[in-house]
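# Descriptive analysis of the structure
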Amino acid sequence: MTRTSTSITAEEIENTFERCPHCGTYAVQITDSHYCDSRFTSNLTDAERDQRIAGDPYPADETVAIVDQFVGDAFAYHELDADNDPHCTLQTDNPLAYCTRTEAQDDQYAPCQLCQRLREKREADQ
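Across its full length, the protein carries four helices and six strands. Walking the protein from its N terminus toward its C terminus, one meets helices and strands in the order α-β-β-α-β-β-β-α-β-α. Sorting the 126 residues of the protein into buried and exposed places 29% on the buried side. In the protein, the proportion of contacts linking residues at least 24 apart, taken out of those at least 6 apart, comes to 64%. In the form shown here, the protein has an accessible surface area of approximately 8,600 Å², with 49% of it arising from carbon and sulfur atoms.

Position of Asp85 relative to the elements: it lies in the loop between β4 (76-77) and β5 (96-100). Once the C-alpha coordinates of Asp85 and Val64 are considered, the two residues, 21 residues apart in sequence, prove to be 9.5 Å apart. Look past the residues within four positions of Asp85 in its chain and what remains in contact with it is Glu79 and Leu80.

Here we take up the pattern of salt bridges. By the definition in use, this model includes eight salt bridges. Note that Glu79 and Arg101 form a salt bridge whose closest N and O atoms lie 2.7 Å from each other. Of the two residues, Glu79 sits in the loop between β4 and β5 while Arg101 sits in helix α3 (residues 101-106), which places them 22 residues apart along the sequence. For Arg101, a relative accessible area of 1% puts it in the buried group. A salt bridge links Arg119 to Glu123; the shortest N-O distance between them is 2.8 Å. One end of the pair is Arg119 and the other is Glu123, both in helix α4 (residues 113-125) and four residues apart, which spans about a single turn.

Time to look at the nonpolar core. With seven residues, the main nonpolar core is built from Val64, Ile66, Tyr77, Ala97, Cys99, Ala104 and Tyr109. Those elements giving two or more residues to this core turn out to be β3 (63-67) and β5. If we skip the residues at most four places from it in the chain, Ala97 touches Val64, Ala65, Ile66 and Asp68.

In the structure shown here, the tally under the stated rule is zero disulfides. Sulfur of Cys88: no disulfide; nearest cysteine sulfur belongs to Cys115 and is 3.6 Å away. Here Cys115 falls in the buried class, since its relative accessible area comes to 0%.

Moving on to a nonpolar patch on the surface. A contiguous nonpolar surface patch, about 260 Å² in accessible area, is contributed by Ile8, Ile13 and Phe17. Considering the arrangement of structural elements, one finds Ile13 in helix α1 (residues 10-16).

So, on to the pairing of β5. Remark: a regular strand shows side chains that alternate across the two faces of the sheet. Here β5 shows one buried face, formed by Ala97 and Cys99, and one open face, formed by Leu96, Tyr98 and Thr100. Note that β3 and β5 share five bridges and pair antiparallel. Bridging across to β5, Val67 finds its partner in Leu96.

On to unusual backbone geometry. Positive phi values are uncommon outside glycine, yet Asn84 reaches one of about 60°. Residue Asn84 is classed as partly exposed on the basis of its relative accessible area of 43%. A positive phi angle, close to 70°, is found at Gln108, a residue other than glycine. For Gln108, the position within the fold is in the loop between α3 and β6 (110-111).

About the thresholds
- Residues numbered from 1 in each chain as written.
- Predicted model: local features only at pLDDT ≥ 70, side-chain atom pairs only at ≥ 80, totals over all residues.
- Heavy atoms only, no water.
- Helix = DSSP H or I, 4+ residues; strand = E, 2+ residues; numbered from the N terminus.
- Buried < 20%, exposed > 50% of the residue type's maximum accessible area, 1.4 Å probe, protein only.
- Contact = heavy atoms within 4.5 Å.
- Areas by Shrake-Rupley, 256 points an atom, 1.4 Å probe, with all protein chains shown as cover.
- Salt bridge = Lys/Arg side-chain N within 4 Å of Asp/Glu carboxyl O.
- Core = buried A, V, L, I, M, F, W, Y, C linked by side-chain atoms within 4.5 Å.
- Disulfide = S-S within 2.5 Å.
- Patch = residues over 30% accessible without salt bridge, like charges linked within 9 Å, V, L, I, M, F, W, Y side chains within 5 Å.
- Pairing = 2+ DSSP bridges.

Right under this line is the structure:
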C-alpha cells in the first residue's frame, strides 16, 4: 500500500516528532539529533536593538553571518574571523547566511555582543 503525504495523521506526526521548546525546531524523537542553546532567545526591545545597531563601530560593507532560518526570537549577526567562522561559539543546527552588515541591520539584526567583545580583544592583542 502506498501512502500519500496527505494521509499522515496528526497523531502520527506527534508520535514521531517533537518540537524543541527553545527554538521551535522539529526533530525525530528517537534520534537525539537536535541540539540548540536557549541563549538564542532575545529579550531586546526595538529601542535596544536600534541602539545596538546604531552603536556598531565596524564597516557597513563588511560581511557578517546570520542564522539562515528563524530561530526563536534571535536576531543577531555575527562577526567573522579570517576563515569566515563567527568569533563567538555559535552552535546551531541551521546553516549560516552571509550578508553585509548593512543588509543584516536593515533586516533588524543587531550585533552579537560576544562577537564584538572577542573581535575587540583580538584586534587589541595584535
